[in-house]
Amino acid sequence: MSSKVFETLERWGVKNYKIIDKKAVKEITLGASILATGGGGDPEIGLLWAYKVLDEGKTIVMIDPMDVPDDILVASCGCLGAPVVLTEKPPSYDVLNNAIKKLQQYLGKNLEAMIPIECGGVNSTVAYAAAGEFEVPVIDADGMNRAFPELQMTSWVTNGVNASPTVSCDDRGNVTIIDTGDDNKMAENIARRAAMAYGGISWIATYPMTGKQVKEASILNSQSIAWELGKAVYRAREKHLDPVKEMLDSLENTRNVKGMRVFKGKIVDISREFGGEATKGFSLGRIKMEGLDEYKGSVAEIDFQNEWLNLRIDGRIRCLPPDLIAIVDSETGEPIRTDIMKYGYRGSIILIPAHERMRTPKGIQLFGPRYFGYDMDYVPVEELNKEVI
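Being a predicted model, the structure only gives us computed values, none of them experimental.

Trainee: What's the story with the overall build of the chain in this structure? I'm lost.
Mentor: From N to C terminus, the chain includes 14 helices and 17 strands. Expected size for 389 residues packed as a compact globule is a radius of gyration near 21 Å; at 20 Å, the chain falls within 12% of this value. Its C-alpha atoms put the chain at 60 × 45 × 40 Å along the principal axes. Taking all 389 residues of the chain together, 61% fall into the buried category. Accessible area for the chain stands at about 14,900 Å²; split by element, carbon and sulfur atoms hold 48% of it. On the chain, the mean spot of the 46 positive side-chain charges and the mean spot of the 55 negative ones are 2 Å from each other.

Structure (C-alpha cells):
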C-alpha cells in the first residue's frame, strides 16, 4: 500500500477517509454512469484504469471535501470529445498521466488532490485512477453531479473558478496548453478544436483550484451519491428487486430529492447528425421511443448532445437542462448511453432534479435550455411533472 497518501492525510490531520477497492470502484462507476445522463463516455475505460492502479499495489483514498486544506492545489482530469469516438478509439494509459504532468509543469507546482470533473461514465473513475497513480487523495465532490458536453458547464465556473489553464493531450504525444484567463467559453472552443484535430477525442487536466475553492464551488459529496446509487442497483440485481425503485429510493436518501420514472418503452427511431463528431466535436441527434406496458400508446422524444438534453412525451416538455434524464434497462438498471444505443433497446426514463448549485441564475445562463438553442425558459423538472411526484 502507498504510504505517501497516508503521510499527506496525517499532515492535514485527516482521520476520516474511505479506501476505494475494486468493489467500490465498480459501484461508483455504475452510479456515476447513471447520473451521466447518457453521456460521459465508456465507463469500462476508467474502471480498468482504476483496476490497473490497484493491481500495481497502489492505494486509492477518498476524503470529504470539508477536510481539504484551503491552500492546497487541486485539479481535475478526464476525457473531452465525442463519446462514440472514445468507444472506437480507446487511449493508452500514459496519456492522462502526461496531461497531469504537463499541467504541473506549467503551474510550477504539484497537485495535492484530484477531483472528478463530473459524474460521468469514464470521467469519474479516471480521477480515481489518477489519484492512485500520483499518490494523492480523490475528493468526494465534482463540478456537476451529472455529465455535460462542454468544458465550462460546471458549478465551478458559476462560482468564479476558471477552467484555465487546461492541458489537452492525445496518445501520440501531442500537447496543447490552453490558457484563456476567465474566458471559459473560449477555453472550451480551443479544447474542442484540439480534440477534433486529434481525431475526435482528447485527454485533459483542467480546473486547477485551491482547497477553499473546492468547498465553495463544487457539488459536495457527489461521489458518495453515485456510490450509493451503484450499490442500490447491484443490491436490486442480487435480490431481484425493481432497480428503478431502488435508484429513486437511494437518491431520496442521499440527496433528499425525488427522482421520477416517467416512461417505459423501446427505441424505434434514432436520428444521428452524422459527422458531428468531426465537425463539431459532439455526438448529436434525437431518438424516439414508443411506450410499453402502462405507457403503451405514448411516444417519447429525446434530443442529445453527448448527453440527453430535452425530453418530450406526447409533444409535452417534461425535462429541460440542467435537470437530468437517464434511460436505464428496466430489468438490470444498466444505463443506456448515447454512444451505444440501438434500435429496439428497451428502457425506463428517469428524471432527476439537478443539484441546487447547478440551478443558479448563472447556471441557467451557462447550461440552461436557451444555451442549447431551445426557445423556452427553464422550468424545474418538479414543476413539469407535478402529477408524477
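Having seen it, we continue.
Trainee: I would appreciate a short explanation of empty space enclosed by the protein in the present structure.
Mentor: The full count for this structure, using the stated rule, is 3 cavities of 30 Å³ or more. Ranked by residue count, the leading element in the lining of the largest cavity is strand β3 (residues 73-81), at 4 residues. Its residues placed into classes, the lining of the largest cavity shows 13 nonpolar, 6 polar and 4 charged.

Trainee: Quick question: what am I supposed to make of the nonpolar core here?
Mentor: Nonpolar side chains tend to gather and get buried jointly when the protein is soluble and globular. Core analysis: the largest hydrophobic core is formed by 59 residues, its most contacted members being I34, L35, V74, I139, L151, W156 and Y207. Not counting chain neighbours up to four residues away, the residues in contact with L151 comprise L80, I117, A163, T166, A187, E188, A191, R192, I204, T206 and Y207. Residues Y51, C77, L96 and V167 belong to the second largest nonpolar core, which totals 41 residues.

Trainee: In this structure, what is going on with the side chain of E307? I would like to understand it.
Mentor: Looking at where E307 falls in the secondary structure, it is placed in strand β14 (residues 307-313). Of the side chains with opposite charge, R146 lies nearest to the buried E307, which makes no salt bridge, at 5.4 Å. Excluding anything up to four places from it in sequence, E307 contacts A36, T37, G39, G40, R146, A147, F148, P149 and T338.

Trainee: Mind showing me how you'd approach the state of the cysteines here?
Mentor: What is meant by a disulfide is a covalent connection between two cysteines, made through their sulfur atoms. According to the stated counting rule, one finds 0 disulfides in the structure shown. Note on C79: no disulfide assigned, nearest cysteine sulfur contributed by C77 at a separation of 11 Å. Exposure remark for C79: the relative accessible area of 14% places this residue in the buried category. No disulfide involves C169; its nearest neighbouring cysteine sulfur is the one of C77, lying 11 Å away.

Trainee: How should the pairing of strand β17 (residues 346-352) be read in this particular structure?
Mentor: Side-chain positions along a regular strand alternate between the two faces of the sheet. The buried count for β17 comes to 6 of 7 residues, which makes it a mostly enclosed element. As paired elements, strand β11 (residues 260-272) and β17 share 6 bridges and run antiparallel to each other. Counterpart to R261 in the pairing with β17 is I350. Bridge count for strand β16 (residues 324-328) against β17 is 5 bridges, and the pairing is antiparallel.

Trainee: What's the story with the packing of aromatic side chains in this structure? I'm lost.
Mentor: The relative placement of two aromatic rings is captured by the distance of their centres and the angle of their planes. Per the stated rule, a full pass over the model turns up 8 aromatic pairs. Between Y371 and F372 the ring centres are 5.6 Å apart and the planes differ by 85 degrees, which places this aromatic pair in the edge-to-face class. Among the residues examined, Y371 registers a relative accessible area of 29% and is labelled partly exposed. In this structure an aromatic cluster arises from ring pairing among F148, F367, Y371 and F372. When the ring centre of Y51 is taken as origin, the NZ or CZ atom of K22, which lies over that ring, is 5.1 Å away. Geometry around W227 places K231 over its ring, the cationic atom sitting 4.8 Å from the centre.

Trainee: Honestly, the layout of surface pockets in this entry has me stumped. Any pointers?
Mentor: Any empty space left between the atoms is revealed when a probe the size of a water molecule rolls over them. The calculated volume of the largest pocket comes to roughly 200 Å³. Every residue lining the largest pocket is counted, 14 residues in all, and those nearest its centre are T29, L30, P43, E44 and E334. For the lining of the largest pocket, a count of residues per class yields 6 nonpolar, 2 polar and 6 charged. Of the pockets and cavities examined, the second largest pocket occupies roughly 170 Å³. Contributing to the lining of the second largest pocket are K4, T8, R11, Q104, N110, L111, E112, F134, E135 and V136. Its residues assigned to classes, the lining of the second largest pocket shows 3 nonpolar, 3 polar and 4 charged.

Thresholds, definitions, all that
- Residues numbered from 1 in each chain as written.
- Predicted model: local features only at pLDDT ≥ 70, side-chain atom pairs only at ≥ 80, totals over all residues.
- Heavy atoms only, no water.
- Helix = DSSP H or I, 4+ residues; strand = E, 2+ residues; numbered from the N terminus.
- Rg over C-alpha atoms; globule rule 2.2 N^0.38 Å.
- Buried < 20%, exposed > 50% of the residue type's maximum accessible area, 1.4 Å probe, protein only.
- Areas by Shrake-Rupley, 256 points an atom, 1.4 Å probe, with all protein chains shown as cover.
- Lys, Arg positive; Asp, Glu negative; His and termini not counted.
- Charge placed at Lys NZ, Arg CZ, Asp CG, Glu CD.
- 1 Å grid on protein atoms, 1.4 Å probe; cavity = no way out; pocket = protein on both sides within 12 Å on 5 of 7 lines; lining within 4 Å.
- Points joined across faces, edges and corners; volume = space filled by probe spheres on them.
- Nonpolar A, V, L, I, M, F, W, Y, C, P; charged D, E, K, R; others polar.
- Core = buried A, V, L, I, M, F, W, Y, C linked by side-chain atoms within 4.5 Å.
- Contact = heavy atoms within 4.5 Å.
- Salt bridge = Lys/Arg side-chain N within 4 Å of Asp/Glu carboxyl O.
- Disulfide = S-S within 2.5 Å.
- Pairing = 2+ DSSP bridges.
- Phe/Tyr/Trp six-rings, centres within 6.5 Å; stacked < 30°, edge-to-face > 60°.
- Lys NZ or Arg CZ within 6 Å of the ring centre and 35° of its normal.

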